[in-house]
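Coordinate inspection notes
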Amino acid sequence: MKAITITEPGGPEVLTWTEVPDPVPGPGEVLIDVTASAVNRADLLQRQGFYDPPPGASPYPGLECSGHVAALGEGVTGWKVGQPVCALLSGGGYAEKVSVPAGQVLPVPDGVSVADAAALPEATATVWSNIFMGGGTATSSNIFMIAHLRPGETLLVHGGASGIGTMAIQLAKAVGARVAVTAGGPEKLARCAELGADVLIDYREQDFVEELAKATDGAGADVILDIMGAKYLERNVKALAVNGRLVIIGLQGGVKGELNLGALLAKRAAVMATTLRSRPVHEKAAIVAAVREHVWPLIGAGTVRPVVDRTVPMQDAAEGHRALEAGTHVGKVLLLAPGA
């Protein structure tokens, strides 16, 4: 088969479409003929040499894919060869085939094309595992679902037009929350509004702490989903409501920042940081099972949908990386395998 390999750390030009050995499904794994994968920030970091795959994972980029079941490893039940699926990966999505633990595989939701389903696994798993509880409408507990956003609460999403952001808006609205977003420019904010965002903040022109205070009568956000890290840490704490929860899932604004513990104590607030890729297989399986139970029905009903900005041939993955780095996209950039 062919896959995108990284010849050396560097820019998009180091991504090479090349012949590699076929993967073989081990016990408990499913082999997928890939239709599409998606470009995620983690792929850019891996290409630059800053984010190695976990031990034992495929060396090729790609944290999610869609396609059809090609073969089943020993002991796998519940899936059939030829069945359309999508999957959460630890790597290897930029390839014609990939092998993945069966617990990380999902059926393609009703009403979604096989290709577009590649936009779902990483975003749904990240959003659900970080800002919702484990029950139907965010009412029961699960140790993997940490921020416990509840109906009627306010969620602030940084990067509202991103793949994660567009999914977070829709899921939060589906469970009855109020959603504020930051995004760069009126066009992106308009797209966020179309998805249901209530409070629109242009981070290029406005201070999100001030704008959120105006929109909430000074209360602030109950939950903040943050991709910036250090750059926003101090202001995120200021923007939190009493009993607020700040969840950091990205470090685009740096890794080290000052935290005012006094402000945190006064608000009885919490700061949490998580990553999905490095979780052990059993935790990923639990998250995927929760996504299938609670998110897939919303997608099947049309309440939530994948947002795809553009599709690019997989062999031209460098173009997809440039698109993500340019920051002009809304939603996901997909890579289509040859023949898809």
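Residues numbered from 1 in each chain as written. Predicted model: local features only at pLDDT ≥ 70, side-chain atom pairs only at ≥ 80, totals over all residues. Heavy atoms only, no water.

**So, the nonpolar core**
One broad trend across soluble globular proteins is that nonpolar side chains are buried collectively. If you look at the biggest cluster of nonpolar residues, it comprises 48 residues, and the most contacted ones within it are Val127, Ile131, Phe132, Leu155, Leu171, Val181 and Trp296. Considering each element in turn, this core owes the most residues, six residues, to helix α3 (residues 163-174). Within the second largest apolar cluster, 28 residues are counted, among which are Val39, Trp79, Ala317 and Leu335. (Core = buried A, V, L, I, M, F, W, Y, C linked by side-chain atoms within 4.5 Å. Buried < 20%, exposed > 50% of the residue type's maximum accessible area, 1.4 Å probe, protein only. Helix = DSSP H or I, 4+ residues; strand = E, 2+ residues; numbered from the N terminus.)

**Details of the pattern of salt bridges**
Proximity of charged atoms lets side chains of opposite charge pair with each other. Counted by the stated rule, this structure contains 11 salt bridges. With a closest N to O distance of 2.8 Å, glutamate 283 and arginine 279 form a salt bridge. (Salt bridge = Lys/Arg side-chain N within 4 Å of Asp/Glu carboxyl O.)

**What to know about a nonpolar patch on the surface**
Taken together, the side chains of Leu259, Leu261 and Val271 present a nonpolar region at the surface, about 230 Å² in accessible area. Among the residues examined, leucine 259 registers a relative accessible area of 35% and is labelled partly exposed. (Patch = residues over 30% accessible without salt bridge, like charges linked within 9 Å, V, L, I, M, F, W, Y side chains within 5 Å. Areas by Shrake-Rupley, 256 points an atom, 1.4 Å probe, with all protein chains shown as cover.)

**Re the state of the cysteines**
Covalent bonding between the sulfur atoms of two cysteines is what defines a disulfide. Summed over all chains, the structure comprises zero disulfides. The cysteine cysteine 86 is free of any disulfide, with cysteine 65 supplying the nearest cysteine sulfur at 7.9 Å. Given the relative accessible area of 0%, cysteine 86 is considered buried. (Disulfide = S-S within 2.5 Å.)

**Some thoughts on unusual backbone geometry**
Glycine aside, negative phi is the norm for most residues, and most peptide bonds take the trans geometry. Of note, aspartate 217 is a non-glycine position whose phi angle comes to about 55°, a positive value. Residue aspartate 217 is classed as exposed on the basis of its relative accessible area, which comes to 77%.

**As for the sheet that holds strand β12 (residues 240-248)**
Ordered by their spatial adjacency, six strands build an open sheet running β10-β9-β8-β11-β12-β13, and the pairing between neighbours is parallel. Each edge of the sheet is formed by a strand with only one pairing partner; in this case those strands are β10 (199-202) and β13 (270-273). Put simply, the sheet's adjacent strands are angled 15° from each other on average, direction ignored. With three bridges joining them, strand β8 (residues 154-158) and strand β11 (residues 221-226) adopt parallel strand pairing. In the strand pairing of β11, leucine 155 is matched with valine 223. Sheet contacts for helix α6 (residues 230-239): β8, β11 and β12; angle to β12, the most-contacted strand, approximately 145°. (Pairing = 2+ DSSP bridges. Axes fitted to C-alpha atoms, helices over the stretch in contact; angles between N-to-C directions. Contact = heavy atoms within 4.5 Å.)

**What to know about the packing of aromatic side chains**
Scanning the entire structure with this criterion turns up one aromatic pair. Ring centres 5.1 Å apart and planes at 45° place the aromatic pair phenylalanine 208 and tyrosine 232 in the tilted group. Taken together, the residues phenylalanine 208 in helix α5 (residues 208-215) and tyrosine 232 in helix α6 connect sequence positions 24 residues apart. The pair formed by phenylalanine 208 and tyrosine 232 is uniform in burial state, with each residue classed as buried. (Phe/Tyr/Trp six-rings, centres within 6.5 Å; stacked < 30°, edge-to-face > 60°.)

**With respect to the environment of glycine 163**
Mapped onto the fold, glycine 163 is located in helix α3. Since its relative accessible area comes to 11%, glycine 163 is described here as buried. Along the primary structure glycine 163 and alanine 285 are separated by 122 residues, whereas in three dimensions their C-alpha atoms are 21 Å apart. Setting aside anything within four residues of it in sequence, one finds glycine 163 in contact with Ala123, Gly331 and Lys332.

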